[in-house]
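# Descriptive structure summary
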Amino acid sequence: MPRTEIRYRRCRKKDLLPATRLALSAMNDVRRRTGKEIFLRRVNEPSPLIRHIHETDPELLAAAWAGERMVGFGGALVRGRQWYLAWLFVHPRYQDRGVGGRLLRKLWRDGPGMVHSLATMTYNMQAVGLYSRFGMVPEEMIPVMKARPEDVRLPAAPGWKRDLEPTEGDFAWIQRLEKRIRGFAHPEEWDFWRREKGCRIALFRDGRRRVGYGMLDGRDFLAPAGAADPAELTGVVAEMIRLAREEKRKEVLLFCPTRSRDLYRFLIGAGFRNLEMLLFQSDTPYGDFSRYVPATLAFF
Ligand SMILES: CC(C)(COP(=O)(O)OP(=O)(O)OC[C@H]1O[C@@H](n2cnc3c(N)ncnc32)[C@H](O)[C@@H]1OP(=O)(O)O)[C@@H](O)C(=O)NCCC(=O)NCCS
């Protein structure tokens with residue numbers, strides 16, 4: 001085990017590239033150890049998600065250093081009274097010696113009514129255990145699912161109007177709905193997605209009534225999506241898959257909370273495959289997963 005003294009400090013802009021590299025290699029290490037395919041990606045620039053949090057919550061990105069080498073990286077965000085852990089990664093050779101726990105304590109923010117949450121992989125018992133020690137216990141299963149849009153057996157179109165250029169009023173409605181669904185709105189992330197290349201945002205109306213919304217990102221993730229009424233979530237997701245098909249996307253991926261029973265049953269029956277199981281952990285019961293498809297693991 002390396003014996004160099006470990007130092008901790010806030011991330012500077014130039015730390016974001018090594019942080020992105022460390023996140024990928026620590027993730028691939030746990031994937032390799034558990035018999036999964038690794039992500040083959042060359043990292044030449046910082047993750048846009050990490051850059052975004054560096055802009056919105058710069059004091060909530062921290063790294064651990066052994067001399068000149070970054071050996072740990074963590075990031076969190078605070079939206080309303082929600083503290084959310086977006087990333088925590090420790091270099092495999094430095095794991096199990098308290099680095100992850102120290103980073104977590106540095107990023108932790110508390111206060112009256114503060115909710116603490118994150119999503120992680122079910123197959124990393126070390127992570128599940130560490131977060132549980134901080135009071136964030138397993139709360140909800142989130143399978144990651146994938147299909148080719150043209151292979152999905154879609155129901156008949158519900159006859160809703162689809163708007164691919166939502167108005168400011170529509171975005172304000174999405175914020176209000178997400179506040180009801182998730183407990184906390186995250187306008188900062190919507191500002192980010194609206195600027196990102198490759199993000200398609202759709203709003204659905206039945207007559208004048210807004211039914212729901214969805215987003216397809218540049219990596220073909222259908223995330224997030226939400227519905228005013230849980231009974232309409234499956235319809236919203238089906239219409240987003242139709243959009244992916246029209247756009248000739250090669251695949252569509254999503255995170256389906258199993259609390260959305262109808263949606264999960266629909267996806268499995270319609271030809272989706274489960275890729276892996278994620279776990280949502282929280283120290284407080286959180287949100288209404290019956291009408292929500294979460295955004296990326298980092299922002300949820
Ligand atoms: C998860 C990760 C960040 C933890 O970092 P770390 O520096 O190894 O963690 P620490 O040494 O501070 O703590 C590990 C904790 O896990 C606990 N733990 C280990 N195995 C466990 C198990 N099977 N059950 C319960 N707890 C377990 C240890 O008891 C320890 O807690 P303690 O210090 O309170 O006793 C690191 O292992 C990692 O980067 N893993 C790969 C990537 C990953 O999965 N990241 C999480 C993505 S959200």
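The structure presented is a predicted model; accordingly, all values stated were derived computationally and were not measured.

### Brief notes about the packing of helix α5 (residues 168-182) against helix α6 (residues 187-195)
In the contact formed by α5 and α6, the axes pass within 11 Å of each other and the chain directions differ by 140°. Our classification of the angle between α5 and α6 gives oblique. For α5 against α6, the interelement crossing comes out right-handed. Between α5 and α6, the residues in contact are E168, F171, I174, Q175 and E178 and P187, W190 and R194, respectively. Across the contact of α5 with α6, the residue classes break down as four nonpolar, one polar and three charged.

### Considering the domain arrangement of the protein chain
Domain annotation for the protein chain reports domain 1 (6-113) and domain 2 (145-278). Relative to domain 2, the C-alpha centre of domain 1 lies at a distance of 28 Å. Taken together, the contacts link 14 residues of domain 1 with 11 residues of domain 2. Overall, the association of domain 1 and domain 2 removes approximately 860 Å² of surface from exposure, summing both partners, and the carbon and sulfur fraction of that is 55%. Sorting the residues of domain 1 by area buried against domain 2 places H52, R79 and Q82 first, and these three jointly supply 53% of that buried surface.

### Examining the sheet that holds strand β10 (residues 222-227)
What the five strands build is an open sheet, ordered β7-β8-β9-β10-β13; its pairing is antiparallel. The sheet terminates laterally at β7 (161-163) and β13 (292-293), the two strands that pair on one side only. Relative to strand β8 (residues 200-206), β7 runs antiparallel, the two sharing three bridges. Considered in β8, the bridge of D163 is made with L203. Against the sheet, α6 engages β8, β9 (209-216) and β10, with an angle of about 65° to β9.

### Describing the environment of R7
For R7, the position within the fold is in strand β1 (residues 6-10). Residue classification places R7 among the exposed positions, given a relative accessible area of 54%. Between the C-alpha atom of R7 and that of A64, which follows or precedes it by 57 residues, the distance is 5.6 Å. When near neighbours in sequence (up to four residues on either side) are disregarded, R7 contacts A63, A64 and W65. Polar contacts involving the side chain of R7 include one to the side chain of E5, which spans 3.5 Å.

### Structural notes on the site of the ligand
In the vicinity of the ligand there are 22 residues, among which V90, G100, G101, N124 and Q126 approach most closely. V90 is positioned such that a nitrogen or oxygen atom in its backbone is 2.7 Å from an oxygen atom of the ligand. Per-element tally for the shell around the ligand: the top contributor is helix α4 (residues 125-133), with seven residues. When grouped by side-chain class, the residues that make up the shell around the ligand number 11 nonpolar, eight polar and three charged.

About the criteria used
Residues numbered from 1 in each chain as written. Predicted model: local features only at pLDDT ≥ 70, side-chain atom pairs only at ≥ 80, totals over all residues. Heavy atoms only, no water. Axes fitted to C-alpha atoms, helices over the stretch in contact; angles between N-to-C directions. Helix = DSSP H or I, 4+ residues; strand = E, 2+ residues; numbered from the N terminus. Parallel < 35°, antiparallel > 145°, perpendicular 65-115°, else oblique. Left-handed = near helix turned anticlockwise from the far one by under 90°. Contact = heavy atoms within 4.5 Å. Nonpolar A, V, L, I, M, F, W, Y, C, P; charged D, E, K, R; others polar. Domains from an automatic or database assignment. Buried area = accessible area lost by both parts, 1.4 Å probe. Pairing = 2+ DSSP bridges. Buried < 20%, exposed > 50% of the residue type's maximum accessible area, 1.4 Å probe, protein only. Polar contact = N/O pair within 3.5 Å; in protein donor to acceptor, adjacent residues only side chain to side chain. Near = heavy atom within 4 Å.

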